[in-house]
Amino acid sequence: MEINFDVRLRDLVAFNLYHAPRHLVNQIVVLLAMAFFAPEVWRLDYPLGAKIFVILFIGVCAAVGLLAATGLFAAISYFPSKNRGVLGAHTVRISPDGVSETTAVNSSTWTWESVPKVAMTRRYVFIYVQQHVAHIIPKRAFESRAAATEFFRQAREAWSKYRERRPTPRSS
C-alpha cells in the first residue's frame, strides 16, 4: 500500500508534542521539578491536601513548560534550508517486508524488524523507524478516515507478524 502526502511544519510540531510526554527523560524532568520544590512546599503552613495540590500543580506547570519548549524547538529546528527532505512531498509504501519512504532528496527502506512502534492518533499515523524518529503520515492524505485506518491496520499487522516470529533472547 502506498500513500503520497506533504509533511508540513505543523505535522512535525504535532509529532514532537505527541512523542514528548511519552519520552522517559521528559517524565523524569517533570518528576525532578516536583521533587526540587517539594521540600519548600512541605515547610509551608498549609493543610496536607493543599501541599499535595501545590506539588502536583508544579508538575503540571513543568509538563506544560516542557511541551511548550518542545513545540518551539521543533518549529525552529525544521526549516527547509536546514533539513531538506523533511518538509514537503513524501511517498510511504508499506509491504509485508517493511516500510519505505521517498522524498525529493532521499529514499530509505526499513524492515519491520527495525521498526520499534506503529501508532495512530486522531490526525496521524506514526511508523517509528528509530526510538525518536518516525514517518509522520497525516490522515488528511487519505481519501477517508476508513482508508487511513486500513493503512494503519495493514502496517500494524505486518509489524505484529514480525514481532510474533522474532526470536526471544536466551536466558542463561
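So, here is what we can say about the structure in this document. In this text the structure is predicted, and so the values were computed from the model without any measurement. (Residues numbered from 1 in each chain as written. Predicted model: local features only at pLDDT ≥ 70, side-chain atom pairs only at ≥ 80, totals over all residues. Heavy atoms only, no water.)

### A closer look at the packing of aromatic side chains
Given two aromatic rings, their pairing is described by the distance between the two centres and the angle made by the two planes. Note the cut-off: When the centres of two rings from Phe, Tyr and Trp lie within 6.5 Å, Trp using its six-membered ring, the rings pair. Their planes under 30 degrees apart give stacked, over 60 give edge-to-face, and anything left gives tilted. Numbered from the N terminus, helices here are DSSP runs of H or I no shorter than four residues, and strands are runs of E no shorter than two. Throughout, exposure labels follow a simple rule: accessible area from a 1.4 Å probe, protein chains only, divided by the maximum for the residue type, with under 20% read as buried, over 50% as exposed, and the rest as partly exposed.
This model, assessed by the stated rule, comprises seven aromatic pairs. With 4.8 Å between their ring centres and 35° between their planes, Tyr18 and Phe126 make a pair best called tilted. Taken together, the positions of Tyr18 in helix H1 (residues 9–19) and Phe126 in strand S6 (residues 124–130) put the pair 108 residues apart, joining distant regions of the chain. With respect to burial, Tyr18 and Phe126 carry one shared label: buried. Among the aromatic residues, those joined into a cluster by ring pairs are Phe15, Tyr18, Tyr124, Phe126 and Tyr128.

### Side note on the packing of helix H2 (residues 24–43) against helix H3 (residues 48–77)
We apply this condition: Fitting a line to C-alpha atoms yields each axis, with helices limited to the stretch in contact; the angle taken between N-to-C directions then spans 0 to 180 degrees. Crossing handedness: left-handed means the near helix sits turned counterclockwise from the far one by under a right angle, and right-handed means the same turn made clockwise. Contacts are residue-level and defined by heavy atoms, with any inter-residue pair within 4.5 Å sufficient. Gly falls in the polar group here, along with every residue not listed as nonpolar (Ala, Val, Leu, Ile, Met, Phe, Trp, Tyr, Cys, Pro) or charged (Asp, Glu, Lys, Arg).
Direction vectors running N to C along H2 and H3 enclose 145°, while the axes themselves pass 9 Å from each other. Where H2 crosses over H3, the two elements pack in a sense that is right-handed. Between H2, through Asn26, Val30, Ala33, Met34, Phe37, Ala38, Val41 and Trp42, and H3, the contact on the second element is made entirely by Leu48, Lys51, Val54, Ile55, Leu56, Ile58, Gly59, Ala62, Ala63 and Leu66. Looking at the contact of H2 with H3 residue by residue, the classes come out as 15 nonpolar, two polar and one charged.

### Notes on the sheet that holds strand S7 (residues 133–138)
Put simply, the rule is: What makes two strands pair is DSSP finding at least two bridges between them.
Read across the sheet, three strands follow the order S5-S6-S7 without closing on themselves; strand pairing throughout is antiparallel. In this open sheet, the two strands that pair with only one neighbour each are strand S5 (117–120) and S7. If you compare each strand with its neighbour and ignore which way they point, the axes differ by 20° on average. Pairing geometry for S5 and S6, over four bridges, is antiparallel. When the sheet's bridge partners are listed, Met120 is paired in S6 with Val125.

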